[in-house]
Amino acid sequence: MNKPAPKDWIMAIAPYVPGKSSTDDGRKVIKLSANENPLGTPDAARAARIAAAQTLHLYPDPGAVELRHAIAEVHDLDPARIIYGTGSDEVLHLAAGAYAGPGDEIIYVRYGFSVYDIAARRVGATPVVVADHDYGTDVDAILAAVTDRTRVVFLANPNNPTGTYTSRAEIARLHVGLRPDILLVIDQAYAEYLYPAEDDGALDLARTASNVLITRTFSKIYGLAAERVGWGYGPAEVIDAMHRIRAPFCLTTAGQLAAIAAVRDQAWVDQSRDHNRQWLDWFTDEVNALGNHGLRVVPSKANFALILFEGRLTAETAYQGLIDAGYIVRWLPGQGLPHGLRITIGSEQDCRAIIAALRHLVGDAR
Ligand SMILES: *Cc1c(COP(=O)(O)O)cnc(C)c1O
């Protein structure tokens, strides 16, 4: 060996592919590829972010004390049991890092969030991918995949990139069916898009169970994707283990202050949720009306919809056609969905423009 050799399990990682923000030839397009909030950022969060420039020479609060208290107040939690990270992506990595290593198995569903695969392989654990049930989570398939090497189960609810939702009863059944030494991580990146009656019960489980961790993010409904603030909630022992491997100053001052202002603005959350559901439902109906052309939407409760192209118009052709119409969306051949486009629910104008473009494309499709 005449040069440093990375670990085999690191080189087995397929690099994360982010949603594109521009076309390959650099044309200006509207980005509906990363599930960002079309309403933007709460004003108070932007103001807090700007004010943070006064203390650029100082390290941020390593304990994120004020942020943890603000989150705890809104969700009625114990601030001591809140973990945080550079986006909830980091929190997912912390869970894998604290509970799995070489020889251990981490389960997630096919068409699950692509970071789970990276988080598992990064620590040398073996990813175990279980079959979906019509693009949604199959709890029985997860339970059937458990072995004595299983350490962690990752499940996003609603799921990305499918938008599918697992009910409270199914989450409870999954939890009851898992051995107590398996950490169940429920990734709630889109939980704020659910109405109270749709609560999946995961946060309640994280309050009471000894093996459940939930993760949340400020990147989606709170409109702070650029600041990279995520958090999680779970049993004190789990949080303690994760803190040991967390980067010491993983949240910037600007990120903390913006997130504090954002979480205190629950009217923003309500407004964003209402906008999303109104246009998600409209968009779903409009796409499903093109069913005779082979288009259908996988039922979604997130801020995006996965359209399947099962007729003459292919997802790839539609992807290019939408670029020509001024929109970049997410085509997912790398995630086993070459027949799917994931499209963020944007403004009313965006939604109408996407539907008009799709109608045009199926009309022209030969
Ligand atoms: C967007 C997303 C995240 C993480 O986002 P961060 O910006 O890292 O907080 C986590 N899980 C799912 C399922 C997501 O879609």
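The text that follows walks through the structure, step by step, so that each part is easy to find. Values in this document were obtained by computation on a predicted structure and should not be read as measured data.

**So, the sheet that holds strand β8 (residues 229–233)**
Point 1. On the basis of which strands lie adjacent, the open sheet formed by seven strands has the order β2-β8-β7-β6-β5-β3-β4 and mixed pairing. Both outer strands of the open sheet, β2 (82–86) and β4 (126–130), are each paired with one neighbouring strand and no more. Between one strand and the next, the sheet's axes are offset by a mean angle of 25°, whatever the strand orientation.
Point 2. Note: strand β3 (residues 105–109) against strand β5 (residues 150–156), three bridges, orientation parallel. Counterpart to I107 in the pairing with β5 is V153.
Point 3. Strands in contact with helix α9 (residues 236–243) are β2, β6 (183–187), β7 (212–217) and β8; relative to β2, the strand with the most contacts, it is inclined by about 30°.

**Focus on the site of the ligand**
Point 1. Around the ligand sit G87, S88, D89, F113, N160, D187, A189, Y190, T217, S219, K220 and R228, and that is every residue in its neighbourhood.
Point 2. In this structure, D89 approaches the ligand through a main-chain N or O atom, which is 3.1 Å from an oxygen atom.
Point 3. In the complex, 94% of the free accessible area of the ligand, which totals 390 Å², lies under the protein chains.
Point 4. At three residues, the largest contribution of residues to the shell around the ligand is made by helix α4 (residues 87–99).

**Details of the pattern of salt bridges**
Side chains carrying opposite charge are able to pair once their charged atoms draw close together.
Point 1. All chains considered together, the criterion is met by 22 salt bridges.
Point 2. We note a salt bridge from R110 to D132, for which the minimum N-O separation is 2.8 Å. Residue R110 is located in the loop between β3 and α5 (115–122), and its partner D132 is located in the loop between β4 and α6 (139–145); the two are separated by 22 residues in the primary sequence.
Point 3. Two residues, E198 and K301, come together in a salt bridge whose shortest N-O distance is 3.0 Å. Note that E198 is positioned in the loop between β6 and α8 (202–208) and K301 in the loop between β9 (295–298) and β10 (304–309), a separation of 103 residues in sequence.
Point 4. For E198, a relative accessible area of 15% translates into the label buried.
Point 5. The class of K301 is partly exposed, set by a relative accessible area of 22%.
Point 6. Three or more residues joined by partner-sharing salt bridges are found here, namely R168, D199, D204 and R207.

Procedures and definitions
Residues numbered from 1 in each chain as written. Predicted model: local features only at pLDDT ≥ 70, side-chain atom pairs only at ≥ 80, totals over all residues. Heavy atoms only, no water. Pairing = 2+ DSSP bridges. Helix = DSSP H or I, 4+ residues; strand = E, 2+ residues; numbered from the N terminus. Axes fitted to C-alpha atoms, helices over the stretch in contact; angles between N-to-C directions. Contact = heavy atoms within 4.5 Å. Near = heavy atom within 4 Å. Polar contact = N/O pair within 3.5 Å; in protein donor to acceptor, adjacent residues only side chain to side chain. Areas by Shrake-Rupley, 256 points an atom, 1.4 Å probe, with all protein chains shown as cover. Salt bridge = Lys/Arg side-chain N within 4 Å of Asp/Glu carboxyl O. Buried < 20%, exposed > 50% of the residue type's maximum accessible area, 1.4 Å probe, protein only.

Bear in mind that shape data such as this cannot, by itself, settle questions of function.
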